[in-house]
Amino acid sequence: MVDRIPILKMGKYLLLSIQVDMHDQLALDLQEDLTEQIVRHRAKGVLIDISSLEIVDSFIGRMLSHIANVSRILDAKVIVVGMQPAVAITLVELGLSLEGIATALNIEKGMRWLENSVNEDEIAGEPESDEDTDAPSETGN
Amino acid sequence: MSVSQLAELLKQNEEQILDKWLSAQRAAGIRFDLIDERNVQDNSRDLLKAVIMALAQDADDFDAPAWKPLKAQLERLSRTQARQGFSASETATFVFSLKEPLFELIQNQSQYDNRVDLVWLVNKLVDKLGLFSVEYYMAGREAVIREQQESLLELSTPVVQLWDGVLAVPLIGALDSNRTQIVMESLLQKIVETESDIAIIDITGVPTVDTMVAQHLLKTITAAKLMGARCIISGIRPQIAATIVHLGVELGDVVTKSSLADAFKLSLKELNVRLVGNAR
């Protein structure tokens, strides 16, 4: 019996891989753990790998939406990767299209997306924080 | 007892009935392009034997177990004929042409005074047999149609890879929920196998789009999106575009392109692939 799903920290990102059948308590614990970890590590992105998840119900679907919404408020981007065809079909049939959650085919592509979108944010935010100091160094390189 | 009488009568005149039955069949026309004389003879002989056997057990009721072997034989025969391409009336004629020789036989038995009863019995019997053979024939035909439908489903939903990371699903023919389900499954499976980012659904060959079809397409697109692949719909004809708008179907943020070529160009652009022509 697994009582917690491990959440791994990798640089600015948090990685979590769901490899067991989710039951309700596990999902609730996960939500709690994740929000805590995002705040503690000031994570910029969360990657959720569900490639081993074969059974899904409306509760899990809602949980994913919930995690995504909470993370967005905490300024972390969420991407769900590796969804199985059967799971995707089930979610669609349940009417849960996971609006607003980014998805990718595998961890590699998901990671690339996270890096791109986080970098974009930082570049956009940079001129405000360090104004002129950056400009000369860039021309120098 | 007329049933046992009839059984006795048939047994005594088996050869004669068979001969007359065969000539009656010949008169009605045998499809020699589908079956040969020997087979017709064997089939007729076997069936007649089975009839006599069933009658000999004094079974008046057609649902009695005594008729089981006869029914089984008839079923096998009709099903094969359905597969071989006989028409329904040809299959029924095989049985119905048994009436004439039997009536003739009874007519000649002047020693019996219950000939009307016997004729009625034969009539009932042959009619039942005829109905059964037609029923089995239909069942055989339906099985053939079902098989063809299944193989058509498999044939008509190919998912092809156009480029590294680009899949295309050329849909041809009417879409129903059954078919869209299969399209959805095979597309999603292929997305996983090839790790494709973009799937182009080409509906040039789809004659009509109603709300159901649009709904199914949207479901497929949403499922693909959940897995992390993007879908482009191409080949929407003017009438279909008008229908979609008229029906008020919300396509949302689904990208649509007029032709497969345009959709392919867009997907190459998204994958940062640039095609360069050779200068001559």
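Attention here is on the structure that accompanies the text. (Residues numbered from 1 in each chain as written. Chains lettered and ligands numbered in written order. Predicted model: local features only at pLDDT ≥ 70, side-chain atom pairs only at ≥ 80, totals over all residues. Heavy atoms only, no water.)

### Points about a nonpolar patch on the surface
Residues and elements named next belong to chain B.
Next up, step 1: On the surface, a nonpolar cluster with roughly 400 Å² of combined accessible area is contributed by V160, L162, W163, L260 and L275.
Next up, step 2: Per-element tally for the nonpolar patch: the top contributor is strand β1 (residues 160-163), with three residues.
Next up, step 3: Structurally, the position occupied by W163 is in strand β1.
Next up, step 4: You can call W163 partly exposed: its relative accessible area is 32%. (Patch = residues over 30% accessible without salt bridge, like charges linked within 9 Å, V, L, I, M, F, W, Y side chains within 5 Å. Areas by Shrake-Rupley, 256 points an atom, 1.4 Å probe, with all protein chains shown as cover. Salt bridge = Lys/Arg side-chain N within 4 Å of Asp/Glu carboxyl O. Helix = DSSP H or I, 4+ residues; strand = E, 2+ residues; numbered from the N terminus. Buried < 20%, exposed > 50% of the residue type's maximum accessible area, 1.4 Å probe, protein only.)

### Thoughts on the pattern of salt bridges
Next up, step 1: Enumeration over the complete set of coordinates arrives at 16 salt bridges over all chains.
Next up, step 2: Its salt-bridge partner being E270 of chain B, residue R230 of chain B comes within 2.1 Å of it at the nearest N-O pair. Taken as a pair, R230 of chain B in strand β4 (residues 230-234) and E270 of chain B in helix α11 (residues 260-270) lie far apart in primary sequence, 40 residues in all.
Next up, step 3: A relative accessible area of 41% places E270 of chain B in the partly exposed class.
Next up, step 4: Each of R4, D29 and D33 of chain A takes part in salt bridges that share partners, so that together they form one network.

### Points about the pairing of strand β1 (residues 7-10) of chain A
Next up, step 1: Pairing of β1 of chain A with strand β2 (residues 13-17) of chain A involves four bridges; the strand directions are antiparallel. Directly across from M10 of chain A, in β2 of chain A, lies its bridge partner Y13 of chain A. (Pairing = 2+ DSSP bridges.)

### Overview of the sheet that holds β4 of chain B
Across a sheet, strands are paired by hydrogen bonds formed along the backbone, either parallel or antiparallel in direction.
All names here are of chain B.
Next up, step 1: If you trace the five strands from one edge of the open sheet to the other, you get β1-β2-β3-β4-β5, paired in mixed fashion. Looking along the sheet, the strands with just one partner apiece sit at the ends: β1 and β5 (255-257). Here the strands of the sheet are splayed against their neighbours by 30 degrees on average, with no regard to which way each runs.
Next up, step 2: Sheet analysis places β1 next to strand β2 (residues 166-172), joined by three bridges and oriented antiparallel. Each residue of the ladder has a partner; that of W163, found in β2, is V166. (Axes fitted to C-alpha atoms, helices over the stretch in contact; angles between N-to-C directions.)

### A look at the sheet that holds strand β3 (residues 45-49) of chain A
All names here are of chain A.
Next up, step 1: Read from one edge to the other, the open sheet built from five strands follows the order β1-β2-β3-β4-β5, with strand pairing classed as mixed. The open sheet has two free edges, formed respectively by β1 and β5 (102-104), since each of these has just one partner strand. Within this sheet the neighbouring strands show an average axis-to-axis angle of 25 degrees, counted without direction.
Next up, step 2: For β2 and β3, the ladder comprises five bridges, and the chain directions are parallel.

### A few points about the nonpolar core
Next up, step 1: Ranked by internal contacts, the top residues of the largest apolar core, which has 68 residues, are M22, I48 and M83 of chain A.
Next up, step 2: By residue number, the principal contributor to this core is helix α9 (residues 211-227) of chain B, which donates nine residues.
Next up, step 3: The residues contacting M83 of chain A, other than those within four sequence positions of it, are I50, A88, L91 and L98 of chain A together with L226 and M227 of chain B.
Next up, step 4: In terms of nonpolar packing, the next biggest core, distinct from the first, is built from 41 residues, W21, V51, F62 and L77 of chain B among them. (Core = buried A, V, L, I, M, F, W, Y, C linked by side-chain atoms within 4.5 Å. Contact = heavy atoms within 4.5 Å.)

### Things to note about the interface of chain B and chain A
Next up, step 1: Across the boundary between the two partners, chain B contributes 17 residues, which contact 17 residues of chain A.
Next up, step 2: Interface area, chain B with chain A, both sides summed: about 1,400 Å², of which 64% is carbon and sulfur.
Next up, step 3: Among the residues of chain B in contact with chain A, E195, L226 and M227 of chain B are the three that bury the most area, contributing 42% of the side total.
Next up, step 4: Where K109 of chain A meets D197 of chain B, a salt bridge forms, and the shortest distance between an N and an O atom there is 3.3 Å.
Next up, step 5: Going through the elements one at a time, α8 (177-194) and α9 of chain B are the ones with two or more residues in the side of chain B that touches chain A. (Buried area = accessible area lost by both parts, 1.4 Å probe.)

### Details of the environment of L266 of chain B
Residue and element names in this part refer to chain B.
Next up, step 1: Mapped onto the secondary structure, L266 falls in helix α11.
Next up, step 2: For L266, a relative accessible area of 18% puts it in the buried group.
Next up, step 3: Remark: the alpha-carbon pair of L266 and V255, spanning 11 residues in sequence, is separated by 9.9 Å.
Next up, step 4: For L266, the residues in contact, after removing those within four places along its chain, are I232, V255 and K257.

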